[in-house]
Amino acid sequence: MTAVIRVGTRASALAMAQTRQIADRLAKATGAEIELVPVTTEGDTSRASLSSLGGTGVFAAALREALIAGECDVVVHSLKDLPTADHPQLRLGAVPKRADARDALCARDGLTLETLPAGARIGTGSPRRIAQLAAARPDVVAVDIRGNIDTRLGKVETGELDAVVLAAAGLGRLGRMEAVTELFELSDWPTAPGQGALAIEVRRERGDRQLELALDSIDHGTSRATVLAERLVLAGLEAGCTAPVGATAFVDGELLFLTATVYSADGTRQLTSSHAATPDSRSAADLADAARDVAERAVAELLGNGAAELAPPEESQ
Ligand SMILES: NCc1[nH]cc(CCC(=O)O)c1CC(=O)O
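In this text, all values refer to a predicted model and were calculated from it rather than measured experimentally.

Secondary structure assignment for the protein yields 10 helices and 13 strands. Here the C-alpha radius of gyration of the protein, 19 Å, is about what a compact globule of 317 residues would show, namely 20 Å. Seen along its three principal axes, the alpha-carbon backbone of the protein occupies a region of about 60 × 45 × 35 Å. Across the 317 residues of the protein, 45% fall into the buried class. Within the protein, contacts between residues at least 6 apart in sequence are counted, and of these 69% link residues at least 24 apart.

Here we take up the pairing of strand 13 (residues 270-277). Across 8 bridges, the pairing between strand 12 (residues 255-263) and strand 13 is antiparallel. Bridge pairing in strand 13 links Val262 to Leu271. In this structure, the hairpin formed by strand 12 and strand 13 is closed by a connection of 6 residues, where Gly267 is found at a positive phi of approximately 75 degrees.

Take the sheet that holds strand 13 next. Strands sit in the order 11-12-13 across an open sheet of 3 strands; the sheet is antiparallel. The open sheet has two edge strands, strand 11 (245-252) and strand 13, and neither has a second partner. Within this sheet the neighbouring strands show an average axis-to-axis angle of 10 degrees, counted without direction. In terms of strand pairing, strand 11 meets strand 12 through 8 bridges, oriented antiparallel. From the neighbouring strand, Ala249 faces strand 12, where its bridge partner is Leu258. Along the sheet face, helix 8 (residues 221-238) touches strand 11 and strand 12 and points at about 150 degrees away from the line of strand 11. Across the sheet, helix 9 (residues 284-304) is in contact with strand 12 and strand 13; its angle to strand 13 comes to roughly 150 degrees.

With that settled, the discussion passes to the pairing of strand 8 (residues 163-167). Counting buried positions over the 5 residues of strand 8 gives 5, a clear majority of the element. Side-chain alternation along strand 8 places Ala163, Val165 and Ala167 on one buried face and Val164 and Leu166 on a second face that is also buried. The pairing of strand 5 (residues 103-107) with strand 8 spans 5 bridges and is antiparallel. The residue of strand 8 that forms the bridge with Ala107 is Ala163. Pairing of strand 6 (residues 121-123) with strand 8, which is carried by 2 bridges, proceeds in the parallel orientation. If you follow Gly123 over to strand 8, its bridge partner there is Val164.

Within the secondary structure layout, Ala214 lies in helix 7 (residues 209-218). Put simply, Ala214 and Val95 are 119 residues apart on the chain and 12 Å apart in space, counted from C-alpha to C-alpha. Those residues in contact with Ala214, other than ones at most four positions away along the chain, are Leu26, Ala29 and Thr30.

Where helix 1 (residues 13-30) contacts helix 7, the axes come no closer than 9 Å and their chain directions differ by 120 degrees. If you check the angle between helix 1 and helix 7, you find them oblique. By crossing handedness, the relation of helix 1 to helix 7 is classed as right-handed. Judged by residue contacts, Arg25, Leu26, Ala29 and Thr30 of helix 1 engage Gln210, Leu213, Ala214, Ser217 and Ile218 from helix 7. Its residues placed into classes, the contact of helix 1 with helix 7 shows 5 nonpolar, 3 polar and 1 charged.

As a matter of local geometry, the ligand sits amid 10 residues, with Ser78, Leu166, Ala167, Gly170 and Gln195 nearest to it. Residue assignment for the shell around the ligand shows that the elements contributing at least two residues are strand 8 and helix 6 (168-173). Per-class residue counts for the shell around the ligand are 3 nonpolar, 5 polar and 2 charged. When residues of the shell around the ligand are sorted by domain, at least three fall in each of domain 1 (4-96 + 197-219) and domain 2 (103-183).

What follows concerns the domain arrangement of the protein. How large an interface is tends to be reported as the accessible area lost when its parts come together. Taken domain by domain, the protein consists of domain 1 (4-96 + 197-219), domain 2 (103-183) and domain 3 (226-316). The centre of domain 2, based on its C-alpha atoms, is set 25 Å off from the matching centre of domain 3. Contacts between the two partners involve 6 residues from domain 2 and, on the opposite side, 9 residues from domain 3. Taken together, the residues of the side of domain 2 that touches domain 3 sort by class into 4 nonpolar, 1 polar and 1 charged.

About the cut-offs
- Residues numbered from 1 in each chain as written.
- Predicted model: local features only at pLDDT ≥ 70, side-chain atom pairs only at ≥ 80, totals over all residues.
- Helix = DSSP H or I, 4+ residues; strand = E, 2+ residues; numbered from the N terminus.
- Rg over C-alpha atoms; globule rule 2.2 N^0.38 Å.
- Buried ≥ 20, exposed ≤ 12 C-beta atoms within 10 Å, placed from the backbone.
- Contact = placed C-beta atoms within 7 Å.
- Pairing = 2+ DSSP bridges.
- Axes fitted to C-alpha atoms, helices over the stretch in contact; angles between N-to-C directions.
- Parallel < 35°, antiparallel > 145°, perpendicular 65-115°, else oblique.
- Left-handed = near helix turned anticlockwise from the far one by under 90°.
- Nonpolar A, V, L, I, M, F, W, Y, C, P; charged D, E, K, R; others polar.
- Near = placed C-beta within 6 Å.
- Domains from an automatic or database assignment.

Written out as structure tokens, the structure reads:
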């Protein structure tokens, strides 16, 4: 029986906000005392730029090291920052109910993507968002920016930028939704696989029954299955395709739906694939089977339609 559950977290405001939320839920589920263990990551320094290139796992790496070293019992990640490959020593202990997966525009003067003037400067370092912006508004300028959410919003407040594109979930967790001037619908602006979801990662061995019960109590089956489908698209395309990818999966009634879009880096071309499957039941195993099924079909279709040729690797660096 665990007297104390040690929860590893990055020290950024966003990481602390989401870790506190999980810590509260673990405390309620177990009655255990929760200790937050701040972990400094290379992602907090100049190497933060690497993370936005997608799936490089800079933010996750130091947390994982602390977990493997036994400095904490669980770590909390933004799921979209977690590499898609299974880790030999770690597993996903829980995926809590996902928050809003949409991207948000935070623009000056209440402007929207449609009303921003030609030449407007919009901050984002994400190749996917750059391609989506270029596709929707070829006359605006994407400006590469780094830093935490408050820093990015600050560039709009000071007039350095006309707008920034950020994940609604992060803004919500930081209490900054008032900065949002437009939410992009997932049907025409799919977001990063796993966006809006958190990942509670633990060591593979299952020793602590109280911790297992707590993890089960915060796990959300449909969130786990939908992010699995999205991440399998990313993993499946990674072999032959370095172009930006948006993916969105959801469960509606009997069906699990997945839509995945691959963009050329300049946004002028895109390929989309949508599939649905009916899980045999709502059990974790059947939901995961359905997720694998839709992801496999989407990857096959996208690669079959030339996704790998959309952005040759040398151009996408
Ligand atoms: N790559 C940065 C990152 N990782 C997780 C979030 C917050 C949203 C989420 O949990 O998906 C953000 C900020 C952003 O994309 O605006």
